[in-house]
Amino acid sequence: MRSTVSLGRQSGLSLIELMIASAIGLLLLTGLSMIFVSSSETNREMQKTSQQIENGRYAIDILSQNLRLAGFYGHLHDLATITPPVTIPPDPCDVTVPALTSAMWFPVQAYPGTIDAANPADDAAADVSTTTCAALTAANLKPGSDVLVIRRADTNALAATDVAISNVFYIQAGASSAEIQVGNGAAIGTNKANGNPSTLYLTNGAIPAPPVPIRKYHVHIYFVAPCSIGTATVSGVAGVCQTGDDSIPTLKRLELSVSGAFVIVPLVEGIDHFKIEYGVDTIPTTVNLATGSTGDAAVDLYTTAPADWREAIAAKVYVLARNTVATRGFKDDKTYLLGTTAVPARNDEFKRHVYAAAVRLTNPAGRREIP
């Protein structure tokens, strides 16, 4: 007798069950998508903030470090034998040897921009009309930001076997005298950078006395440009901003290069402004016989425009950095304080932060210290 086996029947999902399952799945998928979008947006904002912090700190570090080196001319301490410039302050882009030499009296000078506390549209660029700096055009200077000039020697001296690059400016300076020289492309040996026999020697007791070290001479002009990559060329200087270029404000500098030409070097993107207040040493007003200068290397007041740049011995540096990419839906309605200068709300979609540093101008201050 054959047994009959009852096979179990599998029932399918009803339409209602299928719709409920699909709805639950869509809800879960929507939630996961929202979490993913939120996480991605948060990560992007963190990247923007990290970049802004890095840019702001880097900009303040560049300015601070170069200010600390301003007026470093190797062994030179006494400037009395150097003839002061006829025009004060000197033209930073006059690259004749006499002009470069006399300008050593002014290791730091600046041209402050003007920020309108009520209306950003009325900000004014630094007035550089008294200079011959062709690259500092109105289109290449961001309104409101300062222009800073720093003069110094390189911290590394050339060895006797090193070659003085042709048409590059060098400085050879003893304790009380200095010469600006133009390289001739030959090894230094015991000569000047221009190939002539050296006339400056160290008084360190060595016999025969060694020539004073030769160092590359730097003139750095810092400014904020309204673009990161400039596409115009003005008087042979490439990289000048013009209409149609990007709109990322960038800290840049003009560097003295070969044959007295200046080149633009972009440094840090996302820098809206930099402002500097200078500590000046004005008291006492009588010349100290030991230093040959007035003052006592102590700051008597801070100002954005010293009456005599030779009295600047300290600086308070302020940098306003912003994100290079806008944050959708954000509105920057804050007022930022750069020392005594208030930067009103920009009401745009860029996040900003202020960075500050206090700097002692070691070399100008040291020359005024009373032994």
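From a predicted model like this one, the values you see are computed outputs, not experimental measurements.

Attention shifts here to the overall build of the protein. When helices and strands are tallied, the protein shows 3 helices and 15 strands. In terms of its C-alpha atoms, the protein occupies a principal-axis envelope of roughly 130 × 55 × 45 Å. In the protein, which comprises 371 residues, the proportion classed as buried is 44%. In the protein, the share of contacts with a sequence separation of at least 24, taken over all contacts with a separation of at least 6, comes to 65%. Accessible surface for the protein amounts to roughly 18900 Å². Of this, 58% is attributable to carbon and sulfur atoms. Charge centroids of the protein, computed over 27 positive and 32 negative side chains, lie 8 Å from each other.

Now for the state of the cysteines. With the rule as written, the count across this model stands at 2 disulfides. Between the sulfur atoms of C93 and its disulfide partner C133 the distance amounts to 2.0 Å. Between C93 and C133, the disulfide has an S-S torsion of 105° and is therefore right-handed. Here C93, found in the loop between α1 (15–69) and α2 (97–102), pairs with C133, found in the loop between β1 (108–111) and β2 (147–157); they are 40 residues apart in sequence, far enough to count as distant. Neither residue differs from the other here; C93 and C133 are each classed as buried. Covalent S-S linkage joins C227 and C241, the inter-sulfur distance amounting to 1.9 Å.

What follows covers the sheet that holds strand β15 (residues 352–360). Across the sheet, 4 strands lie side by side as β11-β10-β12-β15; this open sheet has antiparallel pairing. Every interior strand has two partners, whereas the edge strands, β11 (301–303) and β15, have only one. Across this sheet, the average inter-strand angle for adjacent strands is 20°, counted without regard to direction. Here 9 bridges tie strand β12 (residues 312–322) to β15, and the two strands are oriented antiparallel to one another. Counted as the bridge partner of A315 is V359 from β15.

Right, let's talk about the side chain of T324 for a bit. Secondary-structure assignment places T324 in the loop between β12 and β13 (336–338). By relative accessible area, T324 is classed as buried at 17%. A distance of 3.1 Å separates polar atoms of two side chains, one belonging to T324 and the other to Q51. Here T324 is in contact with Q51, N55, I248, E269, G270 and F350, once residues within four sequence places are set aside.

Within the largest apolar cluster, 37 residues are counted, with the highest numbers of intra-cluster contacts made by M104, L136, V147, I171, Y217, I221 and L254. The set of elements that each furnish at least two residues to this core consists of β2, β3 (169–173), β4 (178–182), β5 (214–225), β7 (237–240), β8 (250–256) and β9 (262–269). V147 has contacts with Q109, A110, Y111, A126, V128, L136, L141, I221, Y222, F223 and F274, leaving out every residue within four places of it along the chain. Listed in part, the 28 residues of the second largest apolar core include F106, L251, W309 and A315.

Among the 11 residues in β2, 8 count as buried, and that is most of the element. As paired elements, β1 and β2 share 4 bridges and run antiparallel to each other. Note on β2: the bridge partner recorded for A110 is L148. Bridge count for β2 against β5 is 7 bridges, and the pairing is antiparallel.

All told, the structure shown has 11 salt bridges when counted by the stated rule. In this structure, the salt-bridge partner of E255 is R253, at a minimum N-O distance of 2.6 Å. A salt bridge links D332 to R352; the shortest N-O distance between them is 2.9 Å. Taken together, the residues span a long stretch of sequence, with D332 in the loop between β12 and β13 and R352 in strand β15 at a distance of 20 residues. With respect to class, D332 is no different from R352; both count as buried. One continuous salt-bridge network, built from bridges that share partners, spans K142, D272, D332, D348 and R352.

Reading the values: rules and limits
- Residues numbered from 1 in each chain as written.
- Predicted model: local features only at pLDDT ≥ 70, side-chain atom pairs only at ≥ 80, totals over all residues.
- Heavy atoms only, no water.
- Helix = DSSP H or I, 4+ residues; strand = E, 2+ residues; numbered from the N terminus.
- Buried < 20%, exposed > 50% of the residue type's maximum accessible area, 1.4 Å probe, protein only.
- Contact = heavy atoms within 4.5 Å.
- Areas by Shrake-Rupley, 256 points an atom, 1.4 Å probe, with all protein chains shown as cover.
- Lys, Arg positive; Asp, Glu negative; His and termini not counted.
- Charge placed at Lys NZ, Arg CZ, Asp CG, Glu CD.
- Disulfide = S-S within 2.5 Å.
- Pairing = 2+ DSSP bridges.
- Axes fitted to C-alpha atoms, helices over the stretch in contact; angles between N-to-C directions.
- Polar contact = N/O pair within 3.5 Å; in protein donor to acceptor, adjacent residues only side chain to side chain.
- Core = buried A, V, L, I, M, F, W, Y, C linked by side-chain atoms within 4.5 Å.
- Salt bridge = Lys/Arg side-chain N within 4 Å of Asp/Glu carboxyl O.

Purely geometric numbers; function is a separate question.
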